[in-house]
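# Chain and residue survey
Listed here are the chains, written in short residue letters.
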Amino acid sequence: MGRFIFRRVLGLFPILLVVFTMSFILMRAAPGGPFDAEKPVPAEVKRNLERQYHMREPWCEARFLPALQEPGLSTEAERQIRAEHAGASRIEQLCTGVFQYGWMLSNYVRGDFGPSYKYKDRSVNEFIRSGLPVTMQLGLVAVCFALLIGLGAGLIAAIKQNEWQDHASMGAALLGISVPNFVLGPVLIFIFSLTLLWLPPARWDGWQYMILPGFTLGSVYAAYIARLTRGGMLEVVRQDYIRTARAKGLSEKLVILRHAMRGGMLPVVSYLGPALAGLFTGSIVIERIFNIPGMGRYFIDAALNRDITLAMAVVVVNAVFLLVANLVVDVVLGLLDPRVRYE
Amino acid sequence: MSELILEVKDLHVHYAVEGAVSKAVDGVSISLPKGKTLAVVGESGSGKSQTMYGILGLVPQPPGKVFGEAALFDGEDLLRVSEKKLRQLRGDRIAMIFQDPMTALNPFLTVERQLTEVLESHKGISRKAARAEALEMLRRVGIPDPERRIDQHPHQFSGGMRQRVMIAMALLCRPALLVADEPTTALDVTIQAQILELLRNLQTELGSSMILITHDLGVVAGNADYVAVMYAGRVVERGTADQIFEAPLHPYTQGLLASVPRLDAAQKEQLVPIPGQPPDPTQLPSGCPFRTRCSKAEDRCAAAYPEVRRLGEGREVACWVA
Amino acid sequence: MSTDVIQPRPPLLEVDEPLEEIEGTSLWQDAWRRLRKNRMAVASAGILLFVVLFCVFGPWFVGYSFEEQNLAYGAQGASGAHWFGTDLHGRDLLVRTMYGGRISLLVGLCATAVSLTIGVSYGAISGYFGGRLDSMMMRIVDILYTIPFMFVVILFLVLFGRSLVMLFVALGAVSWLTMARIVRGQVLSLKQSEFIDAARASGVGHFGIIFRHLVPNALGPIIVYTTLTIPRVMLEEAFLSYLGLGVQPPMASWGLLVSDGANAMTFFPHMLLFPGAVLTLTLFALNFLGDGLRDALDPRMRS
């Protein structure tokens, strides 16, 4: 088991590298930079700032497009030079890109995600530091809702198969899958906050604030878990070893809890991996609806504001958590299913 | 009455199947004296396993339905006893061994857990004490190195070993009646003989009675005192093993025996298989269900199900022609 | 004991009555029969048909165009003139729901088609060739599975512009992974069948075997999963539109309508309710139909 974990952990790094590289390429390929949308800045100042962000690499310029190193060049003149020497310009850009990649990678490895493109006096790390715990709490609450409601509904549906409890559970589950969370959220706010005045509609200042967003985020997963639990349990209950357990005279409680659950839970545990991925994605919308200052919110704002460094960092941090979570899920799966362990 | 460990009278097990009724067991009566072995023989689908499930309360109702005159286990009618009482009896006084030990054992639990829970549930002893007894039983059934193997999972055992574990599991509470449902069908031929011998020895040791369900006449010979032959949910012939083998009365029994190669048969004797297929339990032929495949069928065979003719103590046949 | 090695063969068995002809039904006939008996699934199919007709032919019966604005009118609830009411710009919501449906359904179908094509091909090739190619291809799938795709898609759409085609490709590219896994599993188990040996023996090439023999026999799970992918993709499109990254106004999609509706919900709940209900109803029906298909094609899974 230890070796299995070790090998998996080792495998995380290449994947993270792939994610980092993909995001970086997207970032480099995107038109525009951190300074375009604002009031025009003197060319020299702009150049210095670009050098600071490693968007300019003097070594590369000197090597491939020395004309750029002329002091006092205006932005317009630069554009002219690049247009005239298109080929050399492309190589120079590639070279700069490589340097920037190396610089960012070395920073990332040290946990430094660089400065925010939009809020230039704030570092991305600050955002992550404040947003990550919030999103994690939200995710945790959502998972709790999903597991409690999902497992409960699924078990009841399986035990009372084909009776009204089964149909009701599965109908609700189907509804849960079909209603988008950005419809459910506002509706719940309308009912519980604005009409009934039981719960707060927005922000994140205490445990009451976690209920509506947590439930909204978790509802879809509760629905899937309910269906998987029911399916898994029904499948298991048909197995021969359940008949053996009954033939041994064990109480129905033991038959279900000790014999059936182990096998029945497997599809749910397997599902948790992709579910967590969806949870992160869902938090983007939920945090927006409920005005929660979490990473999902920062991400979408960053994407829309073209705050590339922040967006990139969120993607990478997200990937780290996802990979670790998947690893944990696989380990748990191995613990639950002894057949897997000895392969 | 009290020398019979099991006496079943007119047992029925029906299933509701997509609008039709499947009569898996259609009026079965069998009996077994204490300490003896009864072999229930028939093709697959003849209702032999379903009979035992019906007696033990293992038939899910719905979609099944179990009813009958009586199913007396040591005097107590299992058809009229509470669910709780049935559960107490199962695993404790009546134990069952199933056909395929790979699917019949829970792959997620250790052998130790699956053994000790029987003792914990029925005898109320602690897990530690149960473990000691389980180890002893594993040794008895011939599992080598039991202290190590007991903590393993079923898939780490070979087929024959798994069946031994099943046997150990069934015998932990020293049951009065052991039901072995095709205990050797899923095993290699070489292992079959070992397992059957093990069952015989343990049965004698514990003084238990045994019901051996099988489709293989080779298993019956030498292992059973009494035989009940089943076809399409009914018992068509009953008797001692000697009677059945030496003087089979029912054409089906005769057909079965003729289709099995025997060491003492003349070399040129041909095997004669029984033509046709077993009937669909939702659409049984009128009268005697075997008549569609019977070489001796007459008109009266289609008119009504044959009356059961008694030819002596425990010797019965249900046939118009025999 | 005879020293003959070969014994004279006994005569073939005489059979008095011909064996009863057992009429078989094909897998599809069985499945169709089961599906028809499932009333809820049939109802769902009916609902879907109605929705499609509603979206495709509906606008001809409603007088308004989907972009006709009437700013003075503003948002009004349901009325005789406007069955679904109007939105903030005075546009008729009924017509916009219909047009929105066209877009949403189109996106759902096209993105699913993309995902289907990639997924089936990838999975079939991987499963068929097996060995190291298979391990490698599945490793790639595993890696892709763990990458937070939606994030990358969002970045992509933001940075490179939002067109409908981009939407199809992006959404399709995200959902082919599971289809690939399913198809690979089916191919792995079908690979050993005799009819494949027969095909190979008659000289059918690798790709012929894959696409003309193996894939058609794996159609069951493929159909089921496709029917379940469509609502998922539609949901993802709605999600992106809600964030402003999907379909752009004045075009409409259900996601966009719901997004506007959610924002205006406190004062004009009808803007959320009507398109939201239609979207939910469609997704519900699709999911139900998918479940029905799955039950019909695999009787073991039925309750």
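Anyway, here's the lowdown on the structure attached to this text. Keep in mind that this is a model prediction, so the values were computed, not measured. (Residues numbered from 1 in each chain as written. Chains lettered and ligands numbered in written order. Predicted model: local features only at pLDDT ≥ 70, side-chain atom pairs only at ≥ 80, totals over all residues.)

### Overview of the overall build of chain C
Looking only at helices and strands, one finds 11 helices and 0 strands in chain C. Its helices and strands taken in sequence order, chain C reads α-α-α-α-α-α-α-α-α-α-α from the N to the C terminus. Evaluated residue by residue, chain C yields a buried proportion of 43% over its 303 residues. Sequence separation of at least 24 residues holds for 69% of the intrachain contacts in chain C that already meet a minimum separation of 6. (Helix = DSSP H or I, 4+ residues; strand = E, 2+ residues; numbered from the N terminus. Buried ≥ 20, exposed ≤ 12 C-beta atoms within 10 Å, placed from the backbone. Contact = placed C-beta atoms within 7 Å.)

### Considerations on the nonpolar core
With 153 residues, the main nonpolar core has Phe299, Ala311, Ala313 and Val314 of chain A together with Ala124, Ile154 and Val258 of chain C as its most contacted residues. Setting aside residues up to four positions removed in sequence, Phe299 of chain A forms contacts with Ile284, Ala311 and Val314 of chain A together with Phe151 of chain C. (Core = buried A, V, L, I, M, F, W, Y, C linked by C-beta atoms within 7 Å.)

### Here's the deal with helix 2 (residues 39-61) of chain C
Residue and element names in this part refer to chain C. Between its first and last C-alpha, helix 2 extends 31 Å over 23 residues, near the 33 Å set by a 1.5 Å rise per residue. At Cys55, helix 2 shows its strongest bend, of approximately 45°, with the proline Pro59 following within four residues. The complete set of buried residues in helix 2 reads Ala41, Ser44, Val51 and Cys55. (Expected span 1.5 Å × (residues − 1). Bend = angle between axes of the 7 residues up to and from the residue.)

### Considerations on the sheet that holds strand 10 (residues 234-240) of chain B
All names here are of chain B. Pairing is mixed across the open sheet formed by 8 strands, whose spatial order is 6-7-8-3-9-10-12-11. Across the chains shown, the open sheet's two edge strands, defined by having one partner strand only, are strand 6 (94-97) and strand 11 (308-312). Across the sheet, the mean angle separating the axes of adjacent strands is 20° when strand polarity is ignored. Taken together, the 4 bridges between strand 11 and strand 12 (residues 315-318) define a ladder with antiparallel strand orientation. When the sheet's bridge partners are listed, Arg309 is paired in strand 12 with Val317. (Pairing = 2+ DSSP bridges. Axes fitted to C-alpha atoms, helices over the stretch in contact; angles between N-to-C directions.)

### Considering the interface of chain C and chain A
Contacts between the two partners involve 31 residues from chain C, matched on the other side by 35 residues from chain A. In terms of residues, the side of chain C that touches chain A owes the most to one element, helix 5 (residues 149-160) of chain C, which gives 8 residues. Of the residues belonging to the side of chain C that touches chain A, the class tally is 24 nonpolar, 7 polar and no charged. (Nonpolar A, V, L, I, M, F, W, Y, C, P; charged D, E, K, R; others polar.)

### Some thoughts on the pairing of strand 9 (residues 226-231) of chain B
Consecutive side chains along a regular strand alternate between the two faces of the sheet. All names here are of chain B. Strand 9 sits mainly inside the fold: 6 of its 6 residues count as buried. Alternating positions in strand 9 separate into two faces, Tyr226, Ala228 and Met230 on one and Val227, Val229 and Tyr231 on the other, with burial throughout. Sheet topology places strand 3 (residues 37-41) next to strand 9; 4 bridges connect them, and they run parallel. For Ala39, the partnering residue across the bridge sits in strand 9 and is Val227. Sheet topology note: the strand 9/strand 10 ladder contains 6 bridges and is antiparallel.

### With respect to the packing of helix 12 (residues 295-305) of chain A against helix 5 of chain C
Each pair of packed helices gets described by two things: the angle between the helix axes and the distance between those axes. Helix 5 of chain C packs onto helix 12 of chain A with a crossing angle of 25° between their chain directions and a minimal axis gap of 9 Å. Comparing their axes, helix 5 of chain C and helix 12 of chain A come out roughly parallel. The handedness of the crossing between helix 12 of chain A and helix 5 of chain C is right-handed. Facing Phe299, Ala303 and Leu304 of chain A of helix 12 of chain A, the residues of helix 5 of chain C in contact are Phe151, Ile154, Leu155 and Val158 of chain C. Of the residues belonging to the contact of helix 12 of chain A with helix 5 of chain C, the class tally is 7 nonpolar, no polar and no charged. (Parallel < 35°, antiparallel > 145°, perpendicular 65-115°, else oblique. Left-handed = near helix turned anticlockwise from the far one by under 90°.)

### Describing the pairing of strand 12 of chain B
All names here are of chain B. Pairing between strand 10 and strand 12: 2 bridges, direction antiparallel. For Glu237, the partnering residue across the bridge sits in strand 12 and is Val317. Counting the residues that bridge the hairpin from strand 11 to strand 12 gives 2 residues, and of these Gly314 lies at a positive phi of roughly 75°.

### Thoughts on unusual backbone geometry
Although it is not a glycine, Asn162 of chain A adopts a positive phi angle of roughly 70°. Despite not being glycine, Asp10 of chain B has its phi angle at roughly 50°, a positive value. By the element assignment, Asp10 of chain B lies in strand 1 (residues 4-17). Overall, the presence of 13 C-beta atoms within 10 Å leaves Asp10 of chain B in the partly exposed class.

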